[in-house]
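Residues per chain are reported as follows:
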Amino acid sequence: MARIVMKFGGTSVADLDRIRNVARRVKAEADQGHEVAVVVSAMAGVTNQLVGYCQSLSPLFDAREYDTVVSTGEQVTSGLTAIALQELGQDARSWQGWQIAVETDGEHGKARIESIEGDELIERMRQGQIPVVAGFQGIGPDNRVTTLGRGGSDTSAVALAAALKADRCDIYTDVDGVYTTDPRIVPHARKLSRITYEEMLELASVGAKVLQTRSVELAMKERVRVQVLSSFAEGPGTMVVDEEEVVEKEIVAGIAYSRDEAKVTVRRVPDRPGIAAAVFVPLAAANINVDMIVQNVAADGTTDMTFTVGKADMARALQALNQAKAEIGFAEINSDPNVAKISVVGVGMRSHAGVAGTMFKTLAERGINIQAITTSEIKVSVLVAAEYTELAVRALHSAYGLDA
Ligand code: ADP
Ligand code: ASP
Ligand code: MG
């Protein structure tokens, strides 16, 4: 007998038939004698709609009220899933974040879980009741509902699995595992039976939305066994595992893309010590994360500084830089939201040279210009024009021999 957390994403609970399907799958695990806790997302599209309501009323909405609004999607599906389970004769009850409690920090809209009280749920699971937990939400130090950032139900599930000392955390979604790249862009992407925590973490952080980055970080830290699998098909999915558990290591595990960043270029700033600080300190003060950075020095002693920020932060970044114009001393600022970041990830890069070279050559052969580059030990990312996203991902997928 095992203790399992089963998490169902938005498409898995998109309508009543799918919620019935979820209830059947959950009951099947319980019928095998396992102790089961369930985490649900909002119905597909609902969170986007709720976010849209807030934005329409006010572009600079109060994040506490945003959380009050967007957390409701999960409240609905937790109740409906509990009802569907009861309808099958299975004892179940819904739990909201504040009832458990899932305690978070106070960063409304992107809160981090600090602790989860698991004893009551464990006791009820022992008695045969299935807790159905509303994902994506918690309660902050201000005693108000918080949400964990988009895709945050994955993190709810992993954190709950850690708190309940579960043997496994199964993430049910609309694909049957983690692929070498997004199977919606490359139809001949290959399903991986295993992927290391590190590779999954890096892939998630550069845009592979199949797991929220924070959920992988937490799984790695708390040693939670995570499996990604389909709620529509039977069969095993992808296990996220330690590096030692992967026998045949590929040099490149996968390719990801992100259209969530925008490019900013600060032109013709004086090339002197302290200039990078003058540009980036005001951005940090405005709580804006900078990702890729490129600096070119011209013969006349000035330099162009190019970097990327989240698309949602672009307007605020330009505002912060313009306010600091006197200290920075730039000639002009250009910005471009029509860019995509394409990344190649694999632990094999540590021991194999040439991964970056293959990437640059492949893109050059397709006539795709590279606007910025960043690397880490197991990743190379490039910034290209957004219109080349699919072409770049497909070409690289073939170039690294990943096609099925
Ligand atoms: P859920 O609502 O179940 O959380 P998401 O939409 O958040 O589902 O995540 C699943 C989606 O992630 C898939 O439909 C797929 O398009 C996308 N995806 C991106 N990269 C990958 C990848 N490498 N492997 C599998 N799916 C991926
Ligand atoms: N419903 C939330 C979202 O769309 C959380 C999740 O689905 O994981 O971001
Ligand atoms: Mg998701």
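The following refers to the structure shown.

Analysis parameters
- Residues numbered from 1 in each chain as written.
- Chains lettered and ligands numbered in written order.
- Predicted model: local features only at pLDDT ≥ 70, side-chain atom pairs only at ≥ 80, totals over all residues.
- Heavy atoms only, no water.
- Buried < 20%, exposed > 50% of the residue type's maximum accessible area, 1.4 Å probe, protein only.
- Helix = DSSP H or I, 4+ residues; strand = E, 2+ residues; numbered from the N terminus.
- Pairing = 2+ DSSP bridges.
- Near = heavy atom within 4 Å.
- Polar contact = N/O pair within 3.5 Å; in protein donor to acceptor, adjacent residues only side chain to side chain.
- Areas by Shrake-Rupley, 256 points an atom, 1.4 Å probe, with all protein chains shown as cover.
- Nonpolar A, V, L, I, M, F, W, Y, C, P; charged D, E, K, R; others polar.

Most of strand E1 (residues 3–8) sits out of view: 6 of its 6 residues are buried. Covered by surrounding structure in E1 are Arg 3, Val 5 and Lys 7 together with Ile 4, Met 6 and Phe 8, the residues of both alternating faces. Note: E1 against strand E2 (residues 35–40), 6 bridges, orientation parallel. Considered in E2, the bridge of Met 6 is made with Val 38.

Moving on, we get to the site of ligand 2. Ligand 2 sits among Ser 41, Ala 42, Thr 47, Glu 74, Phe 136, Arg 150, Gly 151, Gly 152 and Ser 153. One nitrogen or oxygen atom from the side chain of Arg 150 is found 2.7 Å from an oxygen atom belonging to ligand 2. Measuring from an oxygen atom of ligand 2, one finds a backbone N or O atom of Ser 153 at 3.0 Å. A total of 260 Å² of accessible area belongs to ligand 2 in isolation, and the protein chains cover 86% of it. Tallied by class, the residues present in the shell around ligand 2 amount to 2 nonpolar, 5 polar and 2 charged.

The next thing to look at is the site of ligand 1. For ligand 1, the set of nearby residues contains 16 residues, the closest of which are Thr 173, Asp 174, Tyr 179, Asp 182 and Arg 184. Here an oxygen atom of ligand 1 and a side-chain polar atom of Asp 182 are 2.8 Å apart. At 2.7 Å, a side-chain N or O of Arg 184 approaches an oxygen atom of ligand 1. When ligand 1 is considered free in solution it has 570 Å² of accessible area, and contact with the protein chains removes 83% of it. By residue class, the composition of the shell around ligand 1 is 6 nonpolar, 5 polar and 5 charged.

Keep in mind these numbers describe shape, not what the thing actually does.
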